[in-house]
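Here is how the chains run, residue by residue.
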Amino acid sequence: MPDLSHTPLHDLHVALGAKMVPFAGYAMPVQYPLGVMKEHLHTREKAGLFDVSHMGQVIVRGADVPTAALALETLVPVDILGLEQDRQRYGFLTNDTGGIMDDLMLANRGDHIFVVVNAGCKAADIAHMTQNLTGVTVSEVTDRALLALQGPMAETVLSSLDPKAATMRFMDVADLSLAGAACWVSRSGYTGEDGYEISVPATQAEALAKTLLAHDDVEPIGLGARDSLRLEAGLCLYGHDINTDTTPPQAMLNWAIQKVRRTGGARAGGFPGADIILREMSDGVATKRVGLLPEGRAPMREGVVLFADTESATPIGHITSGGFGPTVGGPVAMGYLDAASATQGTIVFGELRGKRLPLTVTSLPFTPANFKR
Amino acid sequence: MKFTEEHEWLRPEEDVVVVGITTHASTQLGDIVFVELPEVGTTVAKDDEIVVIESVKAASDITAPLDGEIVEVNEALADNPALANEDAMGEGWFIKIKPSNPSQMDAYMDEAAYTAFIA
């Protein structure tokens, strides 16, 4: 894989026996010898270590944090100004038609806003922010790796390296000293479990990863299990469940748009596509993201077309993510449905290999979140 | 026992042939979570798609290695598809075919040839 970038943990993945695959321009571990199913279950039962260094780490800095926050609010429809120091929240970049250009995490670090964006979007995101934000500097952090430690044992493991880890709540951010490395740590993740995301200097990343993996409860986890974990947790995968054709209200992400940015709020609108997004928030949407539980054992994956019954010719939606949920013990999926069918308990039919098989519209997540609030 | 380039194994057993996938194939597929088997009594032609295997990663098809009739399918896979990972060459078998043209077996690899094929 000659044209692929390597993360600082590349040699470690290879040494651990990972199967490496191309992902967003990087060689990434899709699974280790444990296998996707056991990696998934291990993360839910103990703790898993993920390399997410392919994601973009970006610092947005203005004269002060409110300056940077207000600048970002022109591109991101969430309350960034109201984010307290060392707190993080979820958001997205929207375009003029209300579509989602990327989803991201934003943290107030006291003198700057730290933004983590998806690997596949990072070049476009940085260009977009650089071009459209005035009075701030946008700089990519290229000398740090990003690790995620996820699962019920994550707190025990991380606080054995720095006891401060145990004092953090969900979405807190702090500077921790981990195995001698000065790390930027948030209590968050992409699995539905408690856990941490750890930005570590690239030169110290392998040593930290090895220290974490030396713990009996920690196994390395690849992208395969990362996908099934986030799917069970009902979390969107950019480019699949959300994209420039889906708006936040259609994606059922209104919760991420705080009152202050909604119609009637002190800083209502003022972001790309605000007219469309705010109208959809008040008038409703024609199509909605839902959870879907296939009735049989056959997984229904991205692209499966959904119908109201076994006869009709007109589709009412499609699956955007689907597969086997190891914790659920059966197939799980999410997708978009016409609003009329998007109510819990409705039976719809997915066309799979020429047959129409039933699925039940279900609330998300499929597995309860175990965050430490 | 014979092997196909599609990583199926064929084991003659009286007048039928038991078909499954090799340990190599099941390892490559990863954790198998669902196997869709044909109906008993179906007449199949060589290269017809007869089995769908869903792993945690993707769906793959298995084609009929021989012309014939499906006389038995491994019902145990419905409840425990992981059998195809745990014992691919034994309890994880898929189907039994009564071949209408048994000489089709001759074209397939023996174990030594298959071992070289996957090396």
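Thresholds applied
Residues numbered from 1 in each chain as written. Chains lettered and ligands numbered in written order. Predicted model: local features only at pLDDT ≥ 70, side-chain atom pairs only at ≥ 80, totals over all residues. Contact = placed C-beta atoms within 7 Å. Helix = DSSP H or I, 4+ residues; strand = E, 2+ residues; numbered from the N terminus. Buried ≥ 20, exposed ≤ 12 C-beta atoms within 10 Å, placed from the backbone. Pairing = 2+ DSSP bridges. Axes fitted to C-alpha atoms, helices over the stretch in contact; angles between N-to-C directions. Domains from an automatic or database assignment. pLDDT = per-residue confidence, 0-100. Parallel < 35°, antiparallel > 145°, perpendicular 65-115°, else oblique. Left-handed = near helix turned anticlockwise from the far one by under 90°. Nonpolar A, V, L, I, M, F, W, Y, C, P; charged D, E, K, R; others polar. Core = buried A, V, L, I, M, F, W, Y, C linked by C-beta atoms within 7 Å.

A.B. asks: What is the right way to look at the interface of chain B and chain A in this model?
C.D. replies: A common way to express how large an interface is: the accessible area buried when the components associate. Each partner contributes to the interface: chain B provides nine residues, whereas chain A provides 12 residues. When residues of the side of chain B that touches chain A are traced back to their parent elements, those giving at least two are β4 (32–36) and β6 (49–55) of chain B. For the side of chain B that touches chain A, the element with the most residues is β4(B), which contributes three residues.

A.B. asks: Looking at this structure, how should I read the environment of B:T42?
C.D. replies: All names here are of chain B. Counting through the fold element by element, T42 comes out in the loop between β4 and β5 (43–44). For T42, a count of 17 C-beta atoms within 10 Å puts it in the partly exposed group. With 75 residues separating them along the chain, T42 and F117 place their C-alpha atoms 31 Å apart.

A.B. asks: Is there a simple way to explain the sheet that holds strand β5 (residues 88–94) of chain A in this structure?
C.D. replies: Think of a sheet as strands paired side by side through backbone hydrogen bonds, with each pair either parallel or antiparallel. All names here are of chain A. If you walk across this open sheet you meet the five strands as β5-β6-β7-β4-β8, and the pairing is antiparallel. The open sheet has two edge strands with one neighbour each: β5 and β8 (137–140). Put simply, the sheet's adjacent strands are angled 30° from each other on average, direction ignored. Bridging between strand β4 (residues 56–61) and strand β7 (residues 113–117) involves five bridges; their strand directions are antiparallel. Following the sheet pairing, Q57 is matched in β7 by V116. Contacts from helix α3 (residues 65–73) reach β4, β6 (100–108) and β7, with the element oriented near 35° to β7. Taken strand by strand, helix α4 (residues 122–132) contacts β4, β5, β6, β7 and β8, and its axis lies near 10° from that of β4.

A.B. asks: How should I be thinking about the domain arrangement of chain A in this particular structure?
C.D. replies: Residues and elements named next belong to chain A. Looking at chain A, the domain boundaries give domain 1 (10–55 + 143–232) and domain 2 (286–373). Between the C-alpha centres of domain 1 and domain 2 there is a distance of 29 Å. Opposite the 14 residues of domain 1 that make contact, domain 2 presents 16 residues. Those elements that place two or more of their residues in the side of domain 1 that touches domain 2 are α2 (36–45) and α7 (223–232). With four residues, α2 is the largest single contributor of residues to the side of domain 1 that touches domain 2.

A.B. asks: Help me understand the confidence of the model for chain B, please; the structure alone is not making it clear to me.
C.D. replies: Fine structural detail should not be taken from predicted coordinates in areas where pLDDT scores are low. Averaged over every residue, the pLDDT of chain B is 95; residues scoring 70 or more account for 100%. The ipTM assigned to the predicted complex is 0.82, against a pTM of 0.94.

A.B. asks: Quick question: what am I supposed to make of the packing of α2(A) against α7(A) here?
C.D. replies: How two helices sit against one another is set out by the angle between their axes and by the gap between those axes. All names here are of chain A. Following both chains from N to C, one finds α2 and α7 inclined at 55°, their axes separated by 8 Å at the closest point. The angle between α2 and α7 places the two elements in the oblique class. The hand of the α2/α7 crossing is right-handed. On α7, the residues that touch V36, E39, H40 and T43 of α2 are G224, A225, S228 and L229. Partitioned by chemical class, the residues of the contact of α2 with α7 number three nonpolar, four polar and one charged.

A.B. asks: Just to check I follow, could you spell out the pairing of β6(A) for this structure?
C.D. replies: In regular strands, side chains alternate between the two faces of the sheet. Residue and element names in this part refer to chain A. Of all nine residues that make up β6, eight are buried, and the element is covered over most of its length. Bridge count between β5 and β6: seven bridges; the pairing is antiparallel. Counted as the bridge partner of Q88 is A107 from β6. Linking two consecutive strands that pair antiparallel, namely β5 and β6, is a turn of five residues; a positive phi of about 85° is found at G98 within it. The sheet contact formed by β6 and β7 spans five bridges and is antiparallel. Looking at the pairing, A107 lines up with F114 of β7. Connecting β6 to the antiparallel partner β7 that follows it, the hairpin turn spans four residues, and G110 within it adopts a positive phi of roughly 90°.

A.B. asks: I would appreciate a short explanation of the nonpolar core in the present structure.
C.D. replies: Grouped burial of nonpolar side chains is what soluble globular proteins tend to show. Residues and elements named next belong to chain A. Of all hydrophobic cores here, the largest spans 127 residues; its most connected members are V60, L72, I113, V115, L147, L149 and V200. For this core, the two domains that each supply at least three residues are domain 1 (10–55 + 143–232) and domain 2 (286–373). Excluding residues that lie within four positions of it along the chain, L147 makes contacts with L49, F50, D51, V52, I198, V200, A205, L208 and A209.

A.B. asks: Looking at this model, I keep getting lost on unusual backbone geometry. Mind explaining?
C.D. replies: All names here are of chain A. That bond from L364 to P365 is cis: its omega, 0°, falls within 30 degrees of zero. Following the sequence through the fold, P365 ends up in the segment after β19 (355–362). A positive phi angle is found at A24, which is not glycine, with a value near 50°. If you trace the backbone, A24 turns up in the loop between β1 (19–23) and β2 (26–31). We note that M171 has phi near 75°; this positive angle belongs to a residue other than glycine. The topology assignment puts M171 in the loop between α5 (154–159) and β10 (173–178). Residue M171 is classed as partly exposed on the basis of its C-beta count, with 19 C-beta atoms lying within 10 Å.

A.B. asks: Looking at this structure, I do not really get the environment of A:Y238. What am I missing?
C.D. replies: All names here are of chain A. Of note, Y238 is situated in the loop between α7 and α8 (274–283). Each C-alpha atom, one on Y238 and one on N118, is 7.7 Å from the other, the two residues being 120 residues apart in sequence. In contact with Y238, not counting residues within four places along its chain, are D102, D103, N118 and C121.

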